[in-house]
Amino acid sequence: MFTIDGLMMAGVFLVLVIVTLFLGVRTVPQGSKHVVQRLGKYHKTLGPGLNVIIPYIDSVAYKVTTKDIVLDIPSQEVITLDNAVIIANAVAYINIVSPEKAVYGVEDYSFAIQNLVQTSLRSIVGEMNLDQALSNRDQIKAKLKGAISDDISDWGITLKTVEIQDINPSQTMQMAMEEQAAAERQRRATVTRADGEKAAAILEAEGRLEASRRDAEAKVVLAQASQEAIEKVTSAIQGNELPVMYLLGEKYVESIKEMSQGENAKIVLLPGDIPAAVRGIMGGLSGK
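Residues numbered from 1 in each chain as written. Predicted model: local features only at pLDDT ≥ 70, side-chain atom pairs only at ≥ 80, totals over all residues. Heavy atoms only, no water.

The chain has the name SPFH domain-containing protein in an unreviewed UniProt entry, where Marinobacterium maritimum is given as its organism. The record held by UniProt for the chain lists under Subcellular location (unreviewed entry) the comment "Membrane". (UniProt positions renumbered as here; feature names shortened; annotations may be inferred.)

Participant: How should I be thinking about the overall build of the chain in this particular structure?
Facilitator: Of the regular secondary structure elements, the chain holds eight helices and eight strands. For the chain, the residues scored as buried account for 24% of the 288 residues in total. Contacts spanning at least 24 positions in sequence make up 63% of the contacts within the chain whose residues lie at least 6 apart. (Helix = DSSP H or I, 4+ residues; strand = E, 2+ residues; numbered from the N terminus. Buried < 20%, exposed > 50% of the residue type's maximum accessible area, 1.4 Å probe, protein only. Contact = heavy atoms within 4.5 Å.)

Participant: Teacher, can you tell me more about the environment of Ile148 here?
Facilitator: Relative to the helices and strands, Ile148 resides in helix α5 (residues 137–153). Ile148 gets classed as buried once you look at its relative accessible area, which sits at 0%. In this structure the C-alpha to C-alpha distance between Ile148 and Leu159, which are eleven residues apart in sequence, comes to 7.6 Å.

Participant: What am I meant to see in the sheet that holds strand β5 (residues 58–65) here?
Facilitator: Taking strand neighbours across the sheet as the criterion, the three strands line up as β3-β2-β5 in an open arrangement whose pairing is antiparallel. Strands at the two margins of the open sheet, each flanked by one partner only, are β3 (41–46) and β5. Direction aside, the axes of adjacent strands within the sheet are offset by 30° on average. Summarising the sheet, strand β2 (residues 32–38) and β5 pair through seven bridges and their orientation is antiparallel. Opposite Arg38, over in β5, you have Asp58 as the bridge partner. (Pairing = 2+ DSSP bridges. Axes fitted to C-alpha atoms, helices over the stretch in contact; angles between N-to-C directions.)

Participant: How should I be thinking about the side chain of Thr80 in this particular structure?
Facilitator: Residue placement: Thr80 occurs in the loop between β6 (69–79) and β7 (85–96). For Thr80, a relative accessible area of 3% puts it in the buried group. Polar side-chain contacts of Thr80 include one of 2.5 Å to the side chain of Asp82. Those residues within four positions of Thr80 in sequence are excluded, and the remaining contacts are Ile86, Val125, Gly126, Met128, Asn129, Leu130 and Ala133. (Polar contact = N/O pair within 3.5 Å; in protein donor to acceptor, adjacent residues only side chain to side chain.)

Participant: I would appreciate a short explanation of unusual backbone geometry in the present structure.
Facilitator: What you tend to see is this: most non-glycine residues have negative phi, and most peptide bonds are trans. For Leu39, which is not glycine, the phi torsion reads 55° and is therefore positive. Take Leu39: it is sitting in the loop between β2 and β3. Residue classification places Leu39 among the exposed positions, given a relative accessible area of 71%. Of note in this structure, Asn83 is not a glycine but carries a positive phi near 65°. Locating Asn83 in the fold gives a position in the loop between β6 and β7.

Participant: What should I look at first to understand helix α3 (residues 109–125) in this one?
Facilitator: For an α-helix the count is 3.6 residues per turn, leaving residues at separations of three or four pointing the same way. With 17 residues, α3 should cover 24 Å at 1.5 Å per step; its first-to-last C-alpha distance of 24 Å lies within 8% of that length. Residues of α3 that are buried include every one of Tyr109, Ala112, Ile113, Leu116, Val117, Gln118, Ser120, Leu121, Ile124 and Val125, and no others. On its buried face, α3 is in contact with β6, β7, α2 (99–105), α4 (130–135), α5 and β8 (157–169). In this structure Asp108 caps α3, since a side-chain oxygen of it lies 3.3 Å from the backbone nitrogen of Ser110. (Expected span 1.5 Å × (residues − 1).)

Participant: I tried to follow the nonpolar core on my own but got confused; where do I start?
Facilitator: Buried together is how nonpolar side chains tend to be arranged in soluble globular proteins. Ranked by internal contacts, the top residues of the largest apolar core, which has 37 residues, are Ile94, Tyr109, Ile113, Ile140, Leu144, Ile152 and Ile157. Among the elements that make up this core, the one with the highest residue count is α3 (eight residues). Those residues in contact with Ile140 that sit more than four places away from it in its chain are Leu121, Ile124, Val125, Met128, Ala133, Ile164 and Ile167. (Core = buried A, V, L, I, M, F, W, Y, C linked by side-chain atoms within 4.5 Å.)

Participant: Please explain the pattern of salt bridges as it appears in this structure.
Facilitator: Pairing is possible between side chains of opposite charge, provided their charged atoms come close. Tallying each qualifying case throughout the model produces eight salt bridges. Where Asp58 meets Arg38, a salt bridge forms, and the shortest distance between an N and an O atom there is 2.6 Å. Remark: Arg38 occurs in strand β2 and Asp58 occurs in strand β5; sequence separation between them is 20 residues. Judged by relative accessible area, Asp58 falls into the buried class, the value being 7%. With relative accessibility at 29%, the residue Arg38 sits in the partly exposed group. The closest approach of N and O atoms between Arg187 and Glu184, which form a salt bridge, is 2.7 Å. Placement of both Arg187 and Glu184 in helix α6 (residues 171–237) is noted, with a separation of three residues, approximately one turn of the helix. In this structure, a network of salt bridges that share partners links the residues Glu184, Arg187 and Arg188. (Salt bridge = Lys/Arg side-chain N within 4 Å of Asp/Glu carboxyl O.)

Participant: I would appreciate a short explanation of the sheet that holds β6 in the present structure.
Facilitator: Strand pairing in a sheet is mediated by backbone hydrogen bonds. Such pairs are either parallel or antiparallel. Spatially, β6-β7-β8 is the arrangement adopted by the three strands of the open sheet, whose pairing is antiparallel. Each of the sheet's edge strands pairs with one partner strand only, and the pair in question is β6 and β8. Neighbouring strand axes in the sheet, compared pairwise and without regard to direction, differ in orientation by 20° on average. In this structure, β6 lies alongside β7, joined through nine bridges in antiparallel fashion. When the sheet's bridge partners are listed, Ile79 is paired in β7 with Val85. The strands touched by α3 within the sheet are β6, β7 and β8, with β6 carrying the most contacts at an inclination of about 35°.

Now the structure itself:
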């Protein structure tokens, strides 16, 4: 027959066996790996699935994810080659391929990688001027990835990619750039306005020159026409004063008519003997 003490001993033994089995069997979920230590020393890495370890001797010291990890790199001030201050931040995508190296090779791999990215970013941007830093994100990304990949590979970590989220001038630099852009726009507007005024002045001068040339040509044509008319009249008269008197008399009457139509004309007196007046004009011209 079993005594009470015997039953108690059997119960304790059964519980011990169950606890031992529970401690010796480890189930690792997909996307994770467990680092096992034996008596405080690294023993092996457990992959996803059912695993068996030696209870009380082996222990799971670290549980590490094998999924891609996103590390947000905080914003920082970076000084460019031409002493301009810009604000830059980034994001890094990493994957742990050797969990034992990641947990034993560095104290905190996330913090270490963040600092490594920030330091490399300052170094890369420091070799560029402001315009290059703002316009060459792909170049900065490529250099950053090349500088970090070799360093973190010793920790069993692969850098999948690194992206530059924001890279902008500081507030002081933005104000200075806005003032510079405004001054440049004002300068261009002034140059454009001056060019327009210059072109207008040139066109106006060319117009005056062309008008003067045309006036001179017209005067020459009129003078030639008058000369030809006089020569024809002289040839037609041939010493007969009657045609001359007729022409001069006609001009004389037209002049009197124009005088009578003027705004200041009050009284117009016509000579009683127009032919005598014309002969007087001819005599005056002959005397000269």
